[in-house]
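One-letter residues, chain by chain:
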Amino acid sequence: MIKEEQEKKRLASRQTVQQRLARLQQKEAVEFKEHLDNLNDGVIAIILTVMVLEVPLPSQAGVSYRNFMGSMFIFLVSFFVVANFWYDLNRMLLVLNRVSKKMIVNDFIFLAALSVIPMLTKWMMLEPSSLAVFDYGIAYFIANLMKLIISANAWEEFFNEVEGSPHMFSMRLGRRLLIVLIINAVLIFLAYVMPRWDLLAYLLLTIYNFFYPEKTAIDQQVK
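Keep in mind it's a predicted model, so treat the numbers as computed, not measured.

Draft legend 1. Region of interest: the packing of aromatic side chains. Under the criterion given, the structure shown has eight aromatic pairs. Ring centres of Phe-85 and Tyr-140 lie 5.7 Å apart, and the angle between their planes is 55°; on these two criteria the pair is classed as tilted. One end of the pair, Phe-85, is in helix α2 (residues 65–93); the other, Tyr-140, is in helix α4 (residues 130–162), with 55 residues separating them in the sequence. Taken individually, Phe-85 and Tyr-140 each receive the classification buried, so the pair is uniform in this respect. When the centroid spacing of 5.1 Å and the interplanar angle of 45° are considered together, the rings of Phe-134 and Tyr-192 count as tilted. Of this pair, Phe-134 sits in helix α4 while Tyr-192 sits in helix α5 (residues 170–193), and the two are 58 residues apart along the sequence. A connected cluster of aromatic rings, assembled from ring pairs, spans Phe-85, Phe-110, Tyr-136, Tyr-140 and Tyr-202.

What follows is the structure in structure tokens.
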């Protein structure tokens, strides 16, 4: 009898520990989601602030008003590019109650690509050469690719939560990946041929993406 009582106590204690660990794991995933949202907002806010500080003023030596206006155009292109990334990222993460470690790592890579944009923006302000626009296109492509990967992670996490099937959207993501590859390849090629027109293309593409954003889980109806 004593051994049976001791065994019951051990089992009860083990179940209590397992339940507590399960609650802690769930709490950790939820809190990481909140921390990730705050991190994204903070990093992107800093990126936008740093870019405007890089605009040379006409009062500086060797800076004409024409150079100032050209730098302002480059700044606006980068500003709306980064702002549109923020908008898309928040829409993708909005439907999730928690995030996995895989999504956090992908988000860090995405933020790293965005963090390079202010430096490349300054380079284009000082010297809008083909190489500068080309490198800008590479950073833009990596950010787009990571955004697509995060979108796929968001779909996976969302359907795991609602016990649905993400297979119905796999073809959509595949087509989206193909479109991203083609568009970015064209933009990178144009950087060598027409770098200034290429910047205009980035701006127009960003405006289009803002008014016709990529569909997320909140835009869909599961049948």
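That was the structure; now back to the text.
Draft legend 2. Expanded view of helix α3 (residues 101–126). Taking 1.5 Å as the rise per residue, α3 with 26 residues should run 38 Å; its terminal C-alpha atoms sit 39 Å apart, in good agreement. Along α3, the sharpest change in direction is near 25° and occurs at Pro-118.

Draft legend 3. Local environment of the side chain of Ser-78. Mapping Ser-78 onto the fold places it in helix α2. Those residues in contact with Ser-78 that lie beyond four places of it in its chain are Met-51, Ile-117, Thr-121 and Tyr-136.

Draft legend 4. Region of the structure containing the packing of α2 against helix α6 (residues 195–211). Interaxial distance between α2 and α6 falls to 9 Å at its minimum, and their mutual angle equals 30°. With respect to α6, the axis of α2 lies roughly parallel. Regarding α2 and α6, the two cross each other, and that crossing is left-handed. Along the contact surface, α2 presents Phe-73, Ile-74, Leu-76, Val-77, Phe-80, Val-81, Asn-84 and Tyr-87, while α6 presents Leu-199, Leu-200, Tyr-202, Leu-203, Thr-206, Asn-209 and Phe-210. By residue class, the composition of the contact of α2 with α6 is 12 nonpolar, three polar and no charged.

Draft legend 5. Expanded view of a nonpolar patch on the surface. Together, Leu-131, Phe-189, Tyr-192, Val-193, Met-194 and Trp-197 give the surface a local cluster of nonpolar side chains, amounting to about 690 Å² of exposed area. Among the elements that make up the nonpolar patch, the one with the highest residue count is α5 (three residues). Looking at the secondary structure, you find Val-193 in helix α5.

Criteria and thresholds
Residues numbered from 1 in each chain as written. Predicted model: local features only at pLDDT ≥ 70, side-chain atom pairs only at ≥ 80, totals over all residues. Heavy atoms only, no water. Phe/Tyr/Trp six-rings, centres within 6.5 Å; stacked < 30°, edge-to-face > 60°. Helix = DSSP H or I, 4+ residues; strand = E, 2+ residues; numbered from the N terminus. Buried < 20%, exposed > 50% of the residue type's maximum accessible area, 1.4 Å probe, protein only. Expected span 1.5 Å × (residues − 1). Bend = angle between axes of the 7 residues up to and from the residue. Contact = heavy atoms within 4.5 Å. Axes fitted to C-alpha atoms, helices over the stretch in contact; angles between N-to-C directions. Parallel < 35°, antiparallel > 145°, perpendicular 65-115°, else oblique. Left-handed = near helix turned anticlockwise from the far one by under 90°. Nonpolar A, V, L, I, M, F, W, Y, C, P; charged D, E, K, R; others polar. Patch = residues over 30% accessible without salt bridge, like charges linked within 9 Å, V, L, I, M, F, W, Y side chains within 5 Å. Areas by Shrake-Rupley, 256 points an atom, 1.4 Å probe, with all protein chains shown as cover. Salt bridge = Lys/Arg side-chain N within 4 Å of Asp/Glu carboxyl O.

Treat this as a map of the structure, not an account of what it does.
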